[in-house]
Amino acid sequence: AYSAEPFVPSRGGLPALRQAAADCRGCPLHRDATQTVFGAGDPHARVMLVGEQPGDQEDRQGKPFVGPAGKLLDRALAEAGVDPAEAYVTNAVKHFKFTQAEPRKRRIHKAPSLREMTACGPWLAKELELVEPELIVVLGATAGKALLGSSFRVTQVRGTVLEAEIHGRPERLVPTVHPSAVLRAEDREAAYRGLVADLEVAARALS
Ligand code: URA
Ligand code: SF4
C-alpha cells in the first residue's frame, strides 16, 4: 500500500519533518507535482487548520493557502477573531493533484483518493504531535474524511465542536466548508457568512 511512513523521521521537530517531507515518495502524487507543500505557521499554534491539498499557486510557491482560497480564508479568520499569524495551516495531502489537457494548459485540481489521503496521513499525525493544537479547524469534506473517517458529512457537523481520537490523541475539532467551496458557491456572500460563523465557533472554543 502507498504510505509516507518510511519517509517520516522518528526524531526532530517541525523543521526536520518539513525537510524529510520534501523527499516523500509515499504515493504517486509526488511525480507530477512541483514540490511538497508542507504545513506552515506558528509551531506552537493554538489552532491548526487542515485543508485538502495544495492548489496551483501553493504547488508553485511551496506554501499552503497562498492562492485565492487562502486569501479568502485569511479574511474570514480575521473577521471571526482568529489571528491567522497565530495559526498553523496544513493540508491532508501534501502534493498537488491535477489534470491537464495538454502541457502548458491550465492545471485543474483533482480530489485526492482515499488511498492518497491515507498514504499522506503520517505527516499530519506528526504535525499534530509536534504542534499540539488546542483545536483543529477542519476545512471541507476531504480533510474531514482524512481526520474523522469516510462517514464524515460536513453539512451535518459544520460549526459544532466535536471531540474525537485522531491518530491516537484526543482532539477537539470544528468542521466548516472549504474556502474554495465559498469561491464556487452560487451565493458567494451567504457562503462566506457561513464560513465566518463557523470560524466564530472556533474562536469561542479557543477563548
Ligand atoms: N486549498 C487547500 O485545501 N489547501 C491549500 O493549501 C490551498 C487550497
Ligand atoms: Fe508523500 Fe503525501 Fe506527497 Fe504522497 S502526497 S508523495 S504521501 S507527501
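Residues numbered from 1 in each chain as written. Chains lettered and ligands numbered in written order. Predicted model: local features only at pLDDT ≥ 70, side-chain atom pairs only at ≥ 80, totals over all residues.

Peer 1: Please clarify how the site of ligand 2 should be interpreted in this entry.
Peer 2: As a structural note, the neighbourhood of ligand 2 is formed by 15 residues, with C24, G26, C27, H95 and C120 the closest of them. With three residues, the top contributor of residues to the shell around ligand 2 is helix α4 (residues 114–131). Split into classes, the residues belonging to the shell around ligand 2 amount to eight nonpolar, four polar and three charged. (Near = placed C-beta within 6 Å. Helix = DSSP H or I, 4+ residues; strand = E, 2+ residues; numbered from the N terminus. Nonpolar A, V, L, I, M, F, W, Y, C, P; charged D, E, K, R; others polar.)

Peer 1: Looking at this model, I keep getting lost on the pairing of strand β3 (residues 87–91). Mind explaining?
Peer 2: Residues in a regular strand point their side chains to alternate faces of the sheet. Here β3 lies mainly inside the structure; five of its five residues are buried. Covered by surrounding structure in β3 are A87, V89 and N91 together with Y88 and T90, the residues of both alternating faces. Taken together, the two bridges between strand β1 (residues 40–41) and β3 define a ladder with antiparallel strand orientation. The residue of β3 that forms the bridge with G41 is Y88. In this structure, strand β2 (residues 47–51) lies alongside β3, joined through five bridges in parallel fashion. Across the sheet, residue L49 finds its bridge partner in β3, namely V89. (Buried ≥ 20, exposed ≤ 12 C-beta atoms within 10 Å, placed from the backbone. Pairing = 2+ DSSP bridges.)

Peer 1: Even after reading the chapter, I still don't get the packing of helix α3 (residues 68–80) against helix α8 (residues 188–206), so can you show me in this structure?
Peer 2: To characterise two packed helices, one gives the angle between the axes of the helices and the distance between these axes. For the pair α3 and α8, interaxial distance at closest approach is 8 Å and the crossing angle is 50°. On the basis of the axis angle, α3 is oblique to α8. The way α3 lies across α8 gives a crossing that is right-handed. Facing α3, whose interface residues are A76, L77, E79 and A80, α8 presents Y192, L195, V196, L199, E200 and A203. (Axes fitted to C-alpha atoms, helices over the stretch in contact; angles between N-to-C directions. Parallel < 35°, antiparallel > 145°, perpendicular 65-115°, else oblique. Left-handed = near helix turned anticlockwise from the far one by under 90°. Contact = placed C-beta atoms within 7 Å.)

Peer 1: Could you clarify how one ought to interpret the environment of T176 in this entry?
Peer 2: Tracing the sequence through the fold places T176 in strand β8 (residues 169–176). The class of T176 is buried, set by 30 C-beta atoms lying within 10 Å. T176 sits 23 residues away from L199 along the chain, and the two C-alpha atoms are 7.6 Å apart. Beyond its immediate stretch of four places on either side in the chain, T176 contacts V137, L139, R158, G159, L195, D198 and L199.

Peer 1: How do you make sense of the UniProt feature "domain: Uracil-DNA glycosylase-like" (unreviewed entry) in the protein chain when you look at a structure like this?
Peer 2: Per the UniProt record, the feature "domain: Uracil-DNA glycosylase-like" (unreviewed entry) sits at residues 38–200. Taken end to end, residues 38–200 is 42% helix and 21% strand, and its first and last C-alpha atoms sit 26 Å apart. (UniProt positions renumbered as here; feature names shortened; annotations may be inferred.)

Peer 1: What is the right way to look at α4 in this model?
Peer 2: For an α-helix the count is 3.6 residues per turn, leaving residues at separations of three or four pointing the same way. Across its 18 residues, α4 extends 25 Å between first and last C-alpha, which sits within 8% of the 26 Å expected from 1.5 Å per residue. Roughly 40° is the biggest bend found in α4, and it falls at G121, with proline P122 one to four residues downstream. The set of residues buried in α4 consists of E116, M117, T118, A119, C120, G121, W123, L124, K126, E127, L128 and V131. Check the buried side of α4 and you find it contacts α1 (14–21), β2, β3, α5 (140–148), β7 (162–166) and β8. Two residues or fewer after α4 comes E132, characterised by a positive phi angle close to 50°. (Expected span 1.5 Å × (residues − 1). Bend = angle between axes of the 7 residues up to and from the residue.)

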